[in-house]
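Coordinate inspection notes
Chain residues, written in single-letter form:
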Amino acid sequence: MKSDAVYLLRFDDLCPTMKWEIWDEVEKILNQYQIKPIVAVIPDNQDPAQMCEEERPDFWEKVAQWQRQGWTIALHGYRHVYENKNGGIINLNDYSEFAGVEKTEQLARIRAGIAIFDKHGIKVDTWVAPAHSFDFNTVECLKQCGIHIISDGYSDNVFEWKGMKWIPCQLYRFVPKESGVWTVCKHPSMWDREQLEAFREEMEQWHDTVTTMQEISAQTVSEEQSRQECRLSKKRCRRIWLKRKLSQLKKTVIKTGQHGVSVMSLRTKT
């Protein structure tokens, strides 16, 4: 049976000190199959976890080149430093650079990030939040700064909400789907050579299913589709939150040794 599903490929945490040994090979694979991914670029990386190699002096020249090739350059936060335990709208992780931060400070960070892109002649209209964590104040600040596309959420298709176009990001590897838009998110600075080779094999199998952000974001979305997909995304976000809380509760029970409470009894249907 022919599938109507299409896939986007997204790479997070690109910055001057990323793991270039791996990324250079990834880029060759992408060019081999003429794939135009979303690349989430940290404007001013201060996260020690992303300081993998010596700073690449031609980094911003490369980013500009990717944009000329038709790749989608996304604003990936500001400094990629987490300062609180707020899961925000998506609530996948309980730490954030933006969610729960004062709106004026969020606006300042977004503007500072965009200014760095502007300095290097790079225009952005897509947001990728570090740790998938941002709140409704972030959304308002993004709109104020001219960004109207968010790569996040757990719907099956594109939808419009809060004045933004939401392109779902649901997967970390390619899996068969019958229909819908599916973003596969990768973190190459976390890879070793074995994971790189797994990606090479993955692309050999799946490259002809990968589309571009430009094609997906240009789709007209009806009000009814937006309502349905928004509800679906909210439902799945709630399910993720419940699973995380359940996991935390189980760990607490085991740690405190409350033998009167059965961990099995804490299971909740989601």
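Everything below is about the structure printed above this text.
Calculation criteria
Residues numbered from 1 in each chain as written. Predicted model: local features only at pLDDT ≥ 70, side-chain atom pairs only at ≥ 80, totals over all residues. Heavy atoms only, no water. Helix = DSSP H or I, 4+ residues; strand = E, 2+ residues; numbered from the N terminus. Expected span 1.5 Å × (residues − 1). Buried < 20%, exposed > 50% of the residue type's maximum accessible area, 1.4 Å probe, protein only. Arc of directions from axis to C-beta. Contact = heavy atoms within 4.5 Å. Core = buried A, V, L, I, M, F, W, Y, C linked by side-chain atoms within 4.5 Å. Salt bridge = Lys/Arg side-chain N within 4 Å of Asp/Glu carboxyl O.

Right, let's get into helix H3 (residues 103-119). The terminal C-alpha atoms of H3, which comprises 17 residues, lie 24 Å apart, in line with the 24 Å expected from a rise of 1.5 Å per residue. Taken residue by residue, H3 has Gln106, Leu107, Arg109, Ile110, Gly113, Ile114 and Phe117 as its buried positions. One side of H3 carries all its buried residues, which in axial view fall inside an arc of 165 degrees. For H3, the exposed residues lying more than 90 degrees away from the buried face are Thr104 and Lys119. Residues of H3 that are buried in the fold lie against strand S2 (38-41), helix H2 (59-68), strand S3 (72-75), strand S4 (126-127) and helix H4 (136-144). Downstream of H3 by one or two residues, Gly121 has phi in the positive range, about 70 degrees.

On to the nonpolar core, then. Counting 61 residues, the largest nonpolar core has Leu9, Phe11, Trp23, Trp127 and Trp166 as its most contacted members. Tallying contributions element by element places helix H1 (residues 20-32) first for this core, with 6 residues. Contacts of Trp23, omitting those with residues within four sequence positions, involve Phe11, Leu14, Met18, Leu30, Val39, Trp66, Trp71 and Pro188. If you look at the next biggest cluster of nonpolar residues, it comprises 12 residues, including Ile149, Ile167, Val181 and Met213.

We now examine the pattern of salt bridges. One pass over the full model with this rule turns up 17 salt bridges. Here Asp12 ties to Arg10 by a salt bridge, and the two come within 2.8 Å at their closest N and O atoms. Each member of the pair, Asp12 as well as Arg10, is classed as buried. Asp156 is paired through a salt bridge with Arg236; the nearest N and O atoms lie 2.8 Å apart. Of the two residues, Asp156 sits in the loop between strand S5 (149-151) and strand S6 (159-161) while Arg236 sits in helix H7 (residues 223-256), which places them 80 residues apart along the sequence. On the basis of relative accessible area, Asp156 is assigned to the partly exposed category, the value being 22%. Through salt bridges with shared partners, one network takes in Glu25, Lys28, Glu197 and Arg200.

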